[in-house]
Amino acid sequence: NEFFFLYLILLGIVLVIFLTIRLQNSRVGRAWMAMRDDEDVAKATGIHTLRYKLMAFAVGAAFAGLSGVIFASRNRFTGPEDFALLVSINVLCLVIVGGMGSIPGVVVGALALKGLPEALRQLQDYRMLVFGTLLVVMMILRPEGLWPSKRRKTELHEPDQ
């Protein structure tokens, strides 16, 4: 039964990664990137921003719904205590450490930040201190993340002239 959920989780991850890659390289993904960079310019070029914002919300809600169904069926219960502020902070940190806009970066960030607390289990009192220090060091030394997207890397490291 546990292996069933492992395979179901892995199938869900592969499905979301596949759909995300397909969306990134489509007209919709290019419209989202244009809106992220400058919404006024995107409107001026003919992108219907309201439609694409609603589409982004719907896609995000669908991905969250899929993961929520798997989570709730795996745990057989879900309640407000499962969704504390620290959970949201951890998810945000996964993206920052791994690399914004990079699917492999988010996977690397998840492996790093979910493995780090297990490695620091002996230092229970200092775990959050080490976690915060890692984030500060990452933002200073490598703000694009461990595995940044090519576009994000070039945005943060413009060539010297």
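The structure under discussion appears in the preceding block.
Residues numbered from 1 in each chain as written. Predicted model: local features only at pLDDT ≥ 70, side-chain atom pairs only at ≥ 80, totals over all residues. Heavy atoms only, no water.

(A) Fine view of the nonpolar core. Within the largest apolar cluster, seven residues are counted, these being C93, L94, V97, L113, F131, L135 and M138. Elements supplying a minimum of two residues to this core: α5 (85-98) and α7 (127-141). Not counting residues within four places of it along the chain, the set of residues in contact with C93 comprises L113, F131 and L135. Counting six residues, the second largest nonpolar core, distinct from the first, contains A31, A42, I47 and Y52. (Core = buried A, V, L, I, M, F, W, Y, C linked by side-chain atoms within 4.5 Å. Buried < 20%, exposed > 50% of the residue type's maximum accessible area, 1.4 Å probe, protein only. Helix = DSSP H or I, 4+ residues; strand = E, 2+ residues; numbered from the N terminus. Contact = heavy atoms within 4.5 Å.)

(B) Inspection of a nonpolar patch on the surface at higher detail. On the surface, F3, L6, Y7, I9, L10 and I13 cluster together into a nonpolar patch covering about 610 Å² of accessible area. Among the secondary structure elements, L10 is positioned in helix α1 (residues 2-24). For L10, a relative accessible area of 43% corresponds to the partly exposed category. (Patch = residues over 30% accessible without salt bridge, like charges linked within 9 Å, V, L, I, M, F, W, Y side chains within 5 Å. Areas by Shrake-Rupley, 256 points an atom, 1.4 Å probe, with all protein chains shown as cover. Salt bridge = Lys/Arg side-chain N within 4 Å of Asp/Glu carboxyl O.)

(C) Representation of helix α2 (residues 27-37). The complete set of buried residues in α2 reads V28, G29, A31 and M35. Each buried residue of α2 sits inside an arc of 160° when the element is viewed along its axis, so together they form one side. Where α2 is buried, its residues touch α1, α3 (39-44) and α4 (49-75). With a side-chain oxygen lying 3.3 Å from the backbone nitrogen of V28, the N-terminal cap of α2 falls on S26. (Arc of directions from axis to C-beta. Polar contact = N/O pair within 3.5 Å; in protein donor to acceptor, adjacent residues only side chain to side chain.)

(D) Here's a closer look at the layout of surface pockets. Quantified by volume, the largest pocket comes out at close to 2400 Å³. When residues of the lining of the largest pocket are traced back to their parent elements, those giving at least two are α1, α2, α4, α5, α6 (103-119) and α8 (150-156). A total of nine residues in the lining of the largest pocket trace back to one element, the largest contributor, which is α4. The residue makeup of the lining of the largest pocket, split by class, is 29 nonpolar, twelve polar and eight charged. (1 Å grid on protein atoms, 1.4 Å probe; cavity = no way out; pocket = protein on both sides within 12 Å on 5 of 7 lines; lining within 4 Å. Points joined across faces, edges and corners; volume = space filled by probe spheres on them. Nonpolar A, V, L, I, M, F, W, Y, C, P; charged D, E, K, R; others polar.)

(E) Seen up close, unusual backbone geometry. Positive phi outside glycine occurs at R76, with the angle close to 65°. Inspection of the secondary structure assignment puts R76 in the loop between α4 and α5.

(F) Region of interest: α5. Taking 1.5 Å of rise per residue, the 14 residues of α5 would be expected to cover 20 Å, and the 20 Å separating its terminal C-alpha atoms lies within 8% of that figure. Every buried residue belonging to α5 is among N90, C93, L94, I96, V97 and G98, and all of these are buried. Buried-residue contacts for α5 involve α6 and α7. G99, located one to two residues past α5, shows a positive phi value of around 135°. (Expected span 1.5 Å × (residues − 1).)

Structural measurements only, silent on function.
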